[in-house]
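The chain contents come next:
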Amino acid sequence: MPLVTSPESGATTSAVPRRSTPVRVRGRRHHVHLAPYLFVAPAVVLFVVFMLVPIVYAIWLSFQTYHLVGGGILGHREQVFAGFENYGSVLADPNLIAGFGRLGIYGLIAVPLNLGLALLFALLLDAPASRAKRFSRTAIFVPYAVPGVVAALLWGFMYLPGTSPFSYITQSLGWGDIPFLENPGIFGSLANIAIWGVVGFNMIIIYTSLRGIPSEMYEAARLDGANELQIALRVKIPLATPALVLTAIFSLIGTLQVYGEPTTLKPMTNVISQSWVPLMMIYRDAFLTDNLPSAAALSVVLALGTVVVSAIVLLLANRRNSGGVA
Amino acid sequence: MSAIATRTGPRKKADRGKVLPTVVLLIGAIYCLIPVAWVFVASTKSRSQLFTTFTFTPGDGLVDNLRSLFTYGGGQFGLWALNSVIYAGLGAVLSTFVSTMAGYALAKYEFKGRSVIFYSILGGVLIPGITLAIPQYLLLSQVGLAGGYLSVLLPVIISPFGIYLSRVYAAAAIPSDTLEAARIDGANEWRIFRTISVPLMVPGMVTVFMLQFVGIWNNFLLPFVMLSDQNNYPLTVGLYTLLAKGSGSPALYSLAITGAAVSIIPLIILMLFLQRFWRLDLISGGLKG
Amino acid sequence: MRSRIIASLATLAVAGLALTGCSSGGGDSDASDSGPVTLSFWSWAPGTKQIVDTWNKSHPDIQVKYTDAGGGNDSSAKLLTASRAGNAPDLSAVEYTTLPAMIVADVPLDITRYVKDVKKNYTKGTWDQTTFDGHVYAVPQDVGPMAFPYRWDKLKEYNIPVPTTWEDFDKAGVAIHNADPKVSLASLPADQFGFYGGVATQAGGSWWSIKDGKWTVGIADEASLKVADFFEKMSKDGAITTEPLLTPEWNKQVNDGTMLSWPSALWAPGVIQGVAPETDGKWELGPLPQWTAGDTAVAYQGGSGVIVTKDSKHPKQAAEFAKWYNASEEGATLLLNVGNVYPAAISGQEAAKSSKPPALMPQQTDYYSVAAKIASNTIPVTWGPDFNVAQTTFTDALNKAIQNGTPWRNAFIATQNAVVKDMKQSGYKVTNQ
C-alpha cells in the first residue's frame, strides 16, 4: 500500500515523514486505544460470566455446609458457614487417596501409550516408505468424531464376554474370556477407550508439526548415511518436542479429569465404584447425595492439583528446551 | 530413492523396511475402525438378534431399527439431531467469531491487561466441566434461561483453546506492517480487521470452527445438567437416556446402537470434508521457541 | 465501525430472546387460578404420555405437559438441581426410596389437605409410604410387592421343584450350577440395595425405623446379618452370581436361557419381556421364597409416587391431576394396562384381577390372582433421609467384599456405621451408638 499522507491531518509530504507521524498518531491514538478492548470485550464478558463467577461461587460454596432445622423426623436443611470443614473431610477421606492412586495407574498406562502411539503413527505417516497414508490417517482420525458416551458404549460391548468378538476368539481357542472388566484389566480397558478416542487427534498435531520441519534438515542427515529410523530418532523427535509437550499436558489434564469412561462402563461391571476417580466423587456429591459444598471443595482440590501437575510438566519441558540441544 | 542395490542383502532389508511402516499403520487403522464397524453391523440386528448372534454377523433388522429409531417418542431422534446441529453449528460460529476477535486483539495490539486477560482465559482449561456446570445452571436459572436453547449455547461460546489458537494464528499470519500501512492510510480498526485481518485468518478460523463444532457436538455434561425437556436434548444426551432407564425399564440397546450409528455419520462426513482446510500445526505453534 | 459491532450484538440479543421465547417450556402458567392452567409433569415410565393425553382430552382447563426426565436416578438428580434453582416442574414421579431425601431437600409440597379424600383408596401400608410426621408428601402411584419370575421350562428340564423357601432356592441354585456351570439360577449383585433391603425386611430386619421422633438404623441388625451370611453362602456355593443386571451380558444370558430367574418384584415381567421377547411363554410368576416355610409376607421393592413440588404455582390443580392419575379408578386402570405397572390404588389392583396376563407369561392365566395374593400381605419399608449415601456405600462395600472374598456381613456393618455417622452429622436424632 502506498504511503500517502492525507491532507486533513496536516502532514506534508516533507522529507521527514517521521516527524509528522506523532501528530497523526496522537489523533489516531484515541481509536487505537479503545479498539483492542472492544475486540476482547465479548470474550472477557463471557469468561467472567460463565467461568469466573461460577468458580468464585464454587469456592464460596465450599466454605458452607448444611444444617438440619425444623424438628420432626425429617425437617429440612439450611446452609450455614462451615470454614474449612469440607476441605478437612474431603482430604481425610481414604477414598480420595485411593481415587488418586487409581488415576496414577490409569495415567501410567494412558499417557505414555497415547503419546507413544500418536508419535509412532505420525512418524510413520511422515516416512517415505509408507503406503496407504491417506486411508490410515483418515481411519485413525475417525474416533475423534465419536462422542465419549457412544465410544464407551461401543467398547463396553467389545469387552463384555457375551458380546465381545475378542473373547469369542479366545473362547473358541479354549482360553476362556479375556478379563477386560475385572481388576486389574479394567485400567487397561478404560485407558484403551480414552486412547482410542484421541490418538488420531494427537497424531495429527504431531504430524503437522513434523511437516513443518524444513527438508534441509533431513538431506544433511541422509547424505551422512543415516537411515530413516535414525533420522526419526535424532532429527524429527527433538524438533517435534513442542507438539509432544502439548500433547503430554492435554493427556495429563485428561487423565486427572477422567470421568465419562468409568461412568459409562460402571453399570456393566462390579469393579468400578461410585468413587472410583475424584471426578466421579464430585458427581456423586453434587447430584446423588445432594452435598454441593463437598463437591465444590473437592473440585477446588482437583483444580489445584491439575494446576500443580501442569506447571511441573511445563517447567520440566522448558528446562529441557533451554538446557538441552534444541 | 537413488542407488538401487543389486545385491540381494540390501534389497531384502529395503523390502522389509517398506512393508513394516505400512503394516503398522494399517493395524492402527483397523484398531480405530473396529468399534465403528461394529456399531454399523450391530444396527442391522433386531432386538433379540443383538444378544444371540455373533458380533460381526449382520442381522436383518436394519429397516425396523431405523423405523423404531425415528418414531421413538414421536420423532425425538430427529429433534435431537436437529438440536445437535443448532448447538454445534451456531455455537461454533459464535465461538469462532468471539475467539477470532479476541485472539486478534491479543496478538496484534499492545494494551494494558493483555497478559492478565490471556492467562486468565487460558486457565479456564484447567477447571473440570462438572465444577462449572452446576453454578452455571444456578446462574442461568436466575435469569430464567435454564432449560432453553441459550443455556446450552451461551456457555460454550467462550473457548479458551479457540482464543489461544486464534492468537497464535493471528501472530503468525498477519504482518504488523500491513496493519500499520492501513492505519496510515486512514482506515479505522474495525475496517482493518474486517478487510485485512479476517481474510488472512481464514484457515485458523476454520480450524477453530471445526474443533468447536466437534467439541460441542460431542459435549454431554453441559446439556445433561441444563436441559430437562427431552425435546431440547442433543444427540449425546438423547442416546444416553435411551440407555439409562434404570432398573425399572430395560435399556433400549437396539435403539441406542442404531442411533449411535446414524449420528456418527454426519460428523465423519463433515470432518473428511473440512480436512484439507485445517491448520492443526497452530496448536503447537505457540510453544515453538 | 463501532456502531456495526453494536448492531450485530443487538441482533444477537434479539435472536437470543426469540429463541428463549420459543423453547422455554414447562413452568410457564397463568398467575390467575381461574383461567386455563398448564402443568409440567416429570416421569419416566413408558406409556405415561398416553395416560396424560387421556387426561388432557377431558380436562381442557388443566392441561398437563409431560416430560420424560430420564430413569429414576437421573430424574431425582435433575429434580434436586432444578429445585435448588426454583425451577422444578409442578409434578414429578419420585421413588419411595428417595422421597425422604427429597423432603429434607425441601422439594415436595405438603399436600395433606388436598389429598385427604383419596386416603381410603389405598391400604394403610401403601399410604404410609408417602406420609411422614402425619404429613402426606406424595400420592402413591405403583407398588412393587416382591415376587419371583422364573423359567418354568428350564426348571422342569433340570428336574428342580420351584423353590418356596430360601433354603430350597439355595439347593436349586447349586443343583443347576452342578448340572451346567454356564447356567445360573439368578444374579443378585451388590447394587441391588432395594432388593437386599426387601429380603432383610422379610427376615424381620428394619433398616430404618422411627420411634418418638428418633431414628434407628438397622442395616446391620441381627436379622440383616443373618441375611448377609446366607446370601454370601449362596454366592460361594455357586447358587447365585453377582454380575450386574440389565447389562448386554445379562440380557444375552436371559435370551440364551442361561439366566433362569429374577427375584425382584411384580414389575419385572415387563422388563424381561423388553430385553428377551423371544422367551415369551417360558416364564411364570410365583411368590418370593420365604425364610420360614408357610409364611406369605413380602416387602416392597421399588415403586413410586407423584409429588407436587414447592415451586408449583398451581398446587391445587396439580394435586387434582395427581389424584386422578394415581388414585382414581380410571387412572389406576390406565396405569395397569398402559403403564404396565402394578397400581398402588386398591381399585387398580381389583381391575387387575380381570386383566390378561403380561406378554411374558401368556399361559399363566391366573397371573393377577397370584399377584393379588402376593400384594395382600406386604410389610412396608421405611427409607431414611440419606438413602443415596446408604446405597452408594452399601454397593461399594459389598462389591469389595465379594471381590476380596471377605464376609458380606462386614459390608453391612460398614454401611450401617457410615449411615449413622452421616445422619448424626446432618443433625438427626439417632439412637444408635
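This one's a predicted model, so the numbers in the text were calculated from it and none came from an experiment.

What counts and what doesn't
- Residues numbered from 1 in each chain as written.
- Chains lettered and ligands numbered in written order.
- Predicted model: local features only at pLDDT ≥ 70, side-chain atom pairs only at ≥ 80, totals over all residues.
- Helix = DSSP H or I, 4+ residues; strand = E, 2+ residues; numbered from the N terminus.
- Buried ≥ 20, exposed ≤ 12 C-beta atoms within 10 Å, placed from the backbone.
- Contact = placed C-beta atoms within 7 Å.
- Domains from an automatic or database assignment.
- Nonpolar A, V, L, I, M, F, W, Y, C, P; charged D, E, K, R; others polar.
- pLDDT = per-residue confidence, 0-100.
- Expected span 1.5 Å × (residues − 1).
- Bend = angle between axes of the 7 residues up to and from the residue.
- Axes fitted to C-alpha atoms, helices over the stretch in contact; angles between N-to-C directions.
- Parallel < 35°, antiparallel > 145°, perpendicular 65-115°, else oblique.
- Left-handed = near helix turned anticlockwise from the far one by under 90°.
- Core = buried A, V, L, I, M, F, W, Y, C linked by C-beta atoms within 7 Å.
- Pairing = 2+ DSSP bridges.

1. Re the overall build of chain B
Here is step 1: When you go through chain B residue by residue, the secondary structure sums to 13 helices and zero strands.
Here is step 2: The order of helices and strands in chain B, counted from the N terminus, is α-α-α-α-α-α-α-α-α-α-α-α-α.
Here is step 3: Out of the 289 residues in chain B, the part that is buried amounts to 51%.
Here is step 4: Here the contacts in chain B between residues at least 6 apart in sequence split such that 74% fall between residues at least 24 apart.

2. Quick look at the overall build of chain C
Here is step 1: From N to C terminus, chain C includes 18 helices and 14 strands.
Here is step 2: Contacts in chain C between residues far apart in sequence, at least 24 positions, make up 74% of those at least 6 positions apart.

3. Regarding the domain arrangement of chain C
Residues and elements named next belong to chain C.
Here is step 1: For chain C, the domain assignment lists domain 1 (34-144 + 302-352) and domain 2 (145-301 + 376-426).
Here is step 2: For domain 1 versus domain 2, the separation of C-alpha centres amounts to 28 Å.
Here is step 3: When its residues are assigned to classes, the side of domain 1 that touches domain 2 shows seven nonpolar, eight polar and one charged.

4. Quick notes on the interface of chain A and chain C
Here is step 1: In this assembly, 29 residues from chain A lie in contact with 36 residues from chain C.
Here is step 2: Residue assignment for the side of chain A that touches chain C shows that the elements contributing at least two residues are β1 (64-69), β2 (76-81) and α12 (278-288) of chain A.
Here is step 3: Of the residues that constitute the side of chain A that touches chain C, the class distribution is 13 nonpolar, 13 polar and three charged.

5. Remarks on the domain arrangement of chain B
Here is step 1: Domain parsing of chain B yields domain 1 (8-42) and domain 2 (66-285).
Here is step 2: Taken together, the contacts link four residues of domain 1 of chain B with four residues of domain 2 of chain B.

6. So, the environment of C:Pro189
Here is step 1: Here C:Pro189 lies in the loop between β7 (186-187) and α9 (193-202).
Here is step 2: On the basis of neighbour counts, which here come to 19 C-beta atoms within 10 Å, the residue C:Pro189 falls in the partly exposed class.
Here is step 3: It is 10.0 Å that separates the C-alpha atoms of C:Pro189 and C:Ser235, two residues lying 46 residues apart in sequence.
Here is step 4: Once residues lying within four places of it in the same chain are set aside, the contact partners of C:Pro189 are A:Asn270, C:Thr242, C:Glu243, C:Pro244 and C:Leu245.

7. Notes on the interface of chain B and chain A
Here is step 1: Between chain B and chain A, the residue contacts involve 74 residues of the former and 81 residues of the latter.
Here is step 2: When residues of the side of chain B that touches chain A are assigned to their parent elements, the largest contribution, 15 residues, is made by helix α1 (residues 8-42) of chain B.
Here is step 3: Tallied by class, the residues present in the side of chain B that touches chain A amount to 55 nonpolar, 13 polar and six charged.

8. Thoughts on the confidence of the model for chain B
Residue and element names in this part refer to chain B.
Here is step 1: With 85% of its residues at a pLDDT of 70 or more, chain B has an overall mean of 81.
Here is step 2: Mean pLDDT across the elements of chain B bottoms out in helix α13 (residues 282-285) (56) and peaks in helix α3 (residues 76-108) (92).
Here is step 3: Scored below 50 in pLDDT, residues 1-7 shows two contacts in the model against residues more than four places distant or in partner chains.

9. So, helix α3 (residues 94-126) of chain A
Here is step 1: Over its 33 residues, α3(A) runs 47 Å from end to end, which matches the ideal 48 Å to within 8%, given 1.5 Å per residue.
Here is step 2: Along α3(A), the largest kink reaches about 30° and is centred on A:Gly107.

10. Observations concerning the packing of helix α5 (residues 148-159) of chain A against helix α7 (residues 185-211) of chain A
Residues and elements named next belong to chain A.
Here is step 1: Put simply, α5 and α7 touch, their axes get as near as 10 Å, and they point 130° apart. Compared by their axis directions, α5 and α7 come out oblique. Seen along the crossing, α5 lies across α7 with a hand that is right-handed. Contacts between α5 and α7 involve Gly-148, Ala-151, Ala-152, Trp-155 and Tyr-159 from the first element and Ser-189, Ile-193, Trp-196 and Gly-197 from the second.
Here is step 2: Considering only residue class, the contact of α5 with α7 consists of six nonpolar, three polar and no charged.

11. Section: the nonpolar core
Here is step 1: Judged by nonpolar contacts, the single largest core of 311 residues is most densely connected at A:Ala122 and A:Ile206.
Here is step 2: With 14 residues, the single largest contributor to this core is α7(A).

12. Thoughts on unusual backbone geometry
Here is step 1: With an omega dihedral of -5°, the bond running from A:Asn183 to A:Pro184 counts as a cis peptide bond.
Here is step 2: The residue A:Pro184 is located in the loop between α6 (165-172) and α7 in this model.
Here is step 3: The phi angle at C:Asp212 is positive, at roughly 55°, despite the residue not being glycine.
Here is step 4: On the secondary structure map, C:Asp212 appears in the loop between β8 (208-211) and β9 (214-217).
Here is step 5: We classify C:Asp212 as exposed; it has 7 C-beta atoms within 10 Å.

13. Examining the packing of α3(B) against helix α7 (residues 160-173) of chain B
Residues and elements named next belong to chain B.
Here is step 1: Closest axis-to-axis distance for the α3/α7 pair is 7 Å, and the angle between their directions is 50°. The angle between α3 and α7 falls in the class oblique. Crossing hand, α3 versus α7: right-handed. Along its contact with α3, which presents Ser-95, Thr-96, Ser-99, Thr-100, Ala-102, Gly-103, Tyr-104, Leu-106, Ala-107 and Lys-108, the element α7 presents Gly-162, Ile-163, Ser-166, Arg-167, Tyr-169, Ala-170 and Ala-171.

14. A few points about the environment of C:Ala322
Residues and elements named next belong to chain C.
Here is step 1: Looking at the secondary structure, you find Ala-322 in helix α13 (residues 315-327).
Here is step 2: The buried category is assigned to Ala-322, around which 28 C-beta atoms lie within 10 Å.
Here is step 3: Each C-alpha atom of the pair Ala-322 and Phe-41 lies 9.7 Å from the other, and the pair is 281 residues apart in sequence.
Here is step 4: The contact partners of Ala-322, leaving out residues within four places of it in the chain, are Leu-91, Val-139, Val-306 and Val-308.

15. What about the pairing of strand β13 (residues 298-308) of chain C?
Residues and elements named next belong to chain C.
Here is step 1: In terms of residue burial, β13 counts as a mostly covered element, since 11 of its 11 residues are buried.
Here is step 2: Bridge count between strand β3 (residues 91-95) and β13: five bridges; the pairing is antiparallel. Within the sheet, the bridge partner assigned to Ser-92 lies in β13 and is Ile-307.
Here is step 3: Judged from the two bridges that link them, β13 and strand β14 (residues 378-379) form a sheet pairing that is parallel. Each residue of the ladder has a partner; that of Val-298, found in β14, is Thr-378.

16. Focus: helix α3 (residues 72-84) of chain C
Here is step 1: The end-to-end C-alpha separation of α3(C) is 18 Å, in line with the 18 Å expected for 13 residues at 1.5 Å each.
Here is step 2: Most of α3(C) sits inside the fold, with 10 of its 13 residues counted as buried.
Here is step 3: Listing the buried residues of α3(C) in full gives C:Gly72, C:Ser75, C:Ser76, C:Ala77, C:Lys78, C:Leu79, C:Leu80, C:Thr81, C:Ala82 and C:Ser83.
Here is step 4: The inward-facing, buried residues of α3(C) abut α12 of chain A, α5 (129-142) and α10 (221-226) of chain B together with β1 (37-43) and β3 of chain C.
Here is step 5: C:Gly86 sits one or two positions beyond α3(C) and adopts a positive phi of about 75°.

17. Comments concerning the environment of C:Val139
Residues and elements named next belong to chain C.
Here is step 1: Note that Val-139 resides in strand β6 (residues 139-151).
Here is step 2: Val-139 sits 166 residues away from Gly-305 along the chain, and the two C-alpha atoms are 5.3 Å apart.
Here is step 3: With residues up to four places along the chain from it excluded, the contact list for Val-139 reads Val-115, Val-118, Thr-130, Gly-305, Val-306, Ala-322, Lys-323, Asn-326 and Ala-327.

18. Some words on the confidence of the model for chain C
Detailed conclusions should not be drawn from predicted coordinates in areas where pLDDT is low.
Here is step 1: Here chain C averages 87 in pLDDT, and 92% of its residues register 70 or above.
Here is step 2: Among the prediction metrics, the complex's ipTM stands at 0.81, with pTM recorded as 0.80.

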